[in-house]
Amino acid sequence: MNTPPAPSAYELLCRAAYDGDLAEVNRLVSLCDSTCLWDHPLALAEAARNNQKTVVEMLLSVSDPKAGNSLALRSAAHWGHAAVVELLIPVSDARAVDSEALRMSAEYGHTECVKLLIPVSDPKANDSEALRYAAEYGHTECVKLLMSVCDPKTKNSLPLRVATHSGY
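Remember, predicted model here, so these are calculated numbers, not experimental data.

## Regarding the packing of helix H1 (residues 9–19) against helix H4 (residues 42–49)
At step 1: Direction vectors running N to C along H1 and H4 enclose 20°, while the axes themselves pass 7 Å from each other. In terms of orientation, H1 and H4 fall into the roughly parallel class. Note on packing geometry: the crossing formed by H1 with H4 is right-handed. Across from Tyr10, Leu13, Cys14, Ala17 and Tyr18 in H1, the residues of H4 making contact are Leu42, Ala43, Glu46, Ala47 and Arg49.
At step 2: When its residues are assigned to classes, the contact of H1 with H4 shows 8 nonpolar, no polar and 2 charged.

## Some points on the packing of H1 against helix H2 (residues 22–29)
At step 1: Axis separation between H1 and H2 bottoms out at 9 Å; the angle between their running directions is 160°. By the criterion of interaxial angle, the relationship of H1 to H2 is roughly antiparallel. Relative to H2, the crossing made by H1 is left-handed. Facing H1, whose interface residues are Ala9, Leu12, Leu13, Ala16 and Ala17, H2 presents Glu24, Val25, Leu28 and Val29.
At step 2: Here the residues of the contact of H1 with H2 sort into 8 nonpolar, no polar and 1 charged.

Thresholds, definitions, all that
Just so you know, the residues in each chain are numbered from 1, in the order the chain's sequence is written. Residue-level local features of this predicted model are given only where pLDDT is at least 70; pairs of side-chain atoms are given and counted only at 80 or more, and the full residue set underlies all totals for whole chains, interfaces and linings. Note that water and hydrogens are dropped before the side-chain values are worked out from all heavy atoms of the structure. Each axis is a line fitted through C-alpha atoms, taken for helices only over the stretch in contact, and angles between the N-to-C directions span 0 to 180 degrees. Numbering goes from the N terminus for both helices and strands, where a helix is a DSSP run of H or I of at least four residues and a strand is a run of E of at least two. Comment on the angle field: the value is read as roughly parallel under 35 degrees, roughly antiparallel over 145, roughly perpendicular from 65 to 115, and oblique elsewhere. Crossing handedness is read from the near helix: turned anticlockwise from the far helix by less than a right angle, it gives a left-handed crossing, and turned clockwise, a right-handed one. In what follows, a contact means two residues having at least one pair of non-hydrogen atoms within 4.5 Å. Throughout this entry, Asp, Glu, Lys and Arg are counted as charged residues, while Ala, Val, Leu, Ile, Met, Phe, Trp, Tyr, Cys and Pro are counted as nonpolar. The remaining residues, Gly among them, count as polar.

And the structure:
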């Protein structure tokens, strides 16, 4: 019977970051290759994904928040962690992957994140995709926020048609 390999220090760091174990994160950072930490955004993204703001703050000193097309910002936005999104905005690229952080915030109805991301993103990216998803999933507050900065007539009024089709 083969024994699975022991997890690497970086894999353990990612788990500790997700769990918010700041002491373990500090310990494991010292064991990891600094180039690996800087180039690979997973530990930072895991902390952002699970709303571990203190760990995110700590990891910003050893990780590149723009790595992986600003994966940490996109993760925090996807899960609606506004405080972490606010922390990451100044050091990330909110326009990465066609402003995916804004689109995901709108799609999942994370109004506070949408408010934070509108000024630093491109709301008209991908034919106002953020507005389309907010409308499709019935996130009225997000739609209201996006209407003033998006083009509701894009693709023959697709946002309106999807919202109507979805019963919103």
